[in-house]
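Listed below, chain by chain, are the residues.
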Amino acid sequence: MKKQESTYRWVVYIAVLFTYGLIVSQRTAPGLITDQLMKEFHLSASFLGILTSIQFFAYAGLQIPIGILSDRYGPNQFLIIGAVLNGLGVLIFSVASNEFLLILARLLAGIGDATIWINLVLILSQWFRVNEFVKLLGFAGMTGGLGFLTATVPFSAWIAVSGWRTPFSTVGLILCLCGAALYIILEKKPKQMFKSEPHPVNKEKKRESVFHLLIRIMKDRQAWATFLCHFGLVGSYVGFIGSWAVPYGMTIYGMSRLEASQLVMVGLIGALVGAPFTGWISSRLNQIKRPYLVVHTMVLLSWTTFVLLDGKPPYILLILLYLLIGFGNGASALTFAVVRSSFSIKDVGVVSGFANTGGFLSAVLLPSFFGKVLDYFHTDYAGGGYHYGFIIPVVFSVFGLIGGILIKEKHEGTQPLSVPASSIKAK
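Residues numbered from 1 in each chain as written. Predicted model: local features only at pLDDT ≥ 70, side-chain atom pairs only at ≥ 80, totals over all residues. Heavy atoms only, no water.

(A) Quick peek at the pattern of salt bridges. Within this structure, the stated rule accounts for 3 salt bridges. Among the salt bridges present, the one from Arg-27 reaches Asp-113, with a minimum N-O distance of 2.7 Å. Placement of the pair is Arg-27 in helix 1 (residues 8-28) and Asp-113 in helix 5 (residues 99-114), with a sequence separation of 86 residues. Across the pair Arg-165 and Glu-40 runs a salt bridge, and its minimum N-O distance is 2.7 Å. With Arg-165 in helix 9 (residues 165-193) and Glu-40 in helix 2 (residues 34-41), this pair connects stretches of sequence that are 125 residues apart. The exposure class assigned to Arg-165 is partly exposed, which follows from its relative accessible area of 28%. (Salt bridge = Lys/Arg side-chain N within 4 Å of Asp/Glu carboxyl O. Helix = DSSP H or I, 4+ residues; strand = E, 2+ residues; numbered from the N terminus. Buried < 20%, exposed > 50% of the residue type's maximum accessible area, 1.4 Å probe, protein only.)

Given below as structure tokens:
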């Protein structure tokens, strides 16, 4: 029996998706306790920005290298190692007693996180037929969204009951156990069950060198368009949600931690809706650029509204702004629709990694820049810190709009949205 015909493939699918959901939840969960970390460790806002950025820095920097290594040596080992590293990072974070351990913890979590999406895609492509693969990848994207959601109200409620260390130590331990389980599910058991199945032998002709491949991609205007699109939509949203969104709600609006987490959840709901809706619109119009420009303009205007209203819009408007900005993050899936319709299949993986790097590079920069602005105003966050801090995502969104303008629409001979946008969004 072949892998793609066995019922065991569903065990693989569930195990991989469960691990992915947990890892995604730990991208933004530390943002729930930003104020507690500042008090307990006597940290500045700038340091908290750097702490948040470390994980995204590792993620962004490793996207292309992980893709190349996984393609050449197989995805199983990298996914297993990534789960364990992420779990160890979360465990160290839960017991940290100083700034060095906090940084080490988030760095390990980021390295582990960087392995998950690329290898998830490669593993599913091995275990499922093509007609199954596309649909199941869509469910994988939804699992990531649910992972983000668990790091809002549920995780915040858990923190309120038991303190912040217990939830993080529990999730870290579960992730380490996931790594052990994945070793059995992906490596040990299949070798026993599929002994007769031949292992594929790579008979490719001489490959283009990595150096020349990257140079060629970086000279391509379309590649830079996707990089900037992702830079403007993903990082401005993920960077803010993962660092300052909860403290912002507590400081400016006097919310409890749970109430601020509920507000963050509004943005995550917008993200869940954004990918399938914009994919459907683009498919109906048979074009990507026009709806994507509308999304970029909408997000730019949303961030600008925060600045124009001195960082404190009316509460009803605040809910709408979070929803629209989250919607834009979900719509960033169109970046990969552009990649798929613009590049040959042998380049899609590398260009996707390049575009994804843009998104998480801005997620690295925004928390740090935002923290420096808050530090400049010291304790007067309500009086000026957040007001001027929101200029940063405005600037980032301008880069995103420029990326949308640079996109060259391609219609002939392509089906840019044959893969649901929700299934290939930034991970």
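(B) Spatial organisation of the nonpolar core. Core analysis: the largest hydrophobic core is formed by 105 residues, its most contacted members being Phe-240 and Tyr-248. If sequence neighbours within four positions are ignored, Tyr-248 has contacts with Phe-240, Tyr-253, Phe-306, Gly-311, Lys-312, Pro-313, Leu-318, Tyr-322, Tyr-386 and Phe-390. Ile-64, Ile-217, Val-339 and Val-350 belong to the second-largest nonpolar core, a separate cluster that totals 11 residues. (Core = buried A, V, L, I, M, F, W, Y, C linked by side-chain atoms within 4.5 Å. Contact = heavy atoms within 4.5 Å.)

(C) Focus on the packing of helix 2 against helix 3 (residues 45-73). Across the interface, helix 2 lies against helix 3 with an axial gap of 10 Å and an inter-helix angle of 120°. It follows from the interaxial angle that helix 2 and helix 3 lie oblique. With respect to the hand of their crossing, helix 2 and helix 3 are arranged in right-handed fashion. Where helix 2 approaches helix 3, its residues Thr-34, Leu-37 and Met-38 are matched on the opposing element by Ala-45, Leu-48 and Leu-51. Among the residues forming the contact of helix 2 with helix 3, the class breakdown is 5 nonpolar, 1 polar and no charged. (Axes fitted to C-alpha atoms, helices over the stretch in contact; angles between N-to-C directions. Parallel < 35°, antiparallel > 145°, perpendicular 65-115°, else oblique. Left-handed = near helix turned anticlockwise from the far one by under 90°. Nonpolar A, V, L, I, M, F, W, Y, C, P; charged D, E, K, R; others polar.)

(D) Seen up close, empty space enclosed by the protein. Taken as a whole, this structure holds 4 cavities of 30 Å³ or more when the rule is applied. Empty space within the second largest cavity amounts to approximately 90 Å³. The set of elements that each furnish at least two residues to the lining of the second largest cavity consists of helix 2 and helix 3. By residue number, the principal contributor to the lining of the second largest cavity is helix 3, which donates 4 residues. Within the lining of the second largest cavity, the residues separate by chemical class into 4 nonpolar, 5 polar and 2 charged. (1 Å grid on protein atoms, 1.4 Å probe; cavity = no way out; pocket = protein on both sides within 12 Å on 5 of 7 lines; lining within 4 Å. Points joined across faces, edges and corners; volume = space filled by probe spheres on them.)

(E) Region of interest: the environment of Val-153. Relative to the assigned elements, Val-153 resides in helix 8 (residues 153-162). Residue Val-153 is classed as buried on the basis of its relative accessible area, which comes to 18%. Taking the C-alpha atoms as reference points, Val-153 and Arg-257, separated by 104 residues in sequence, lie 8.9 Å from one another. When neighbours within four sequence positions are excluded, Val-153 is seen to be in contact with Leu-258, Ser-261, Gln-262 and Met-265.

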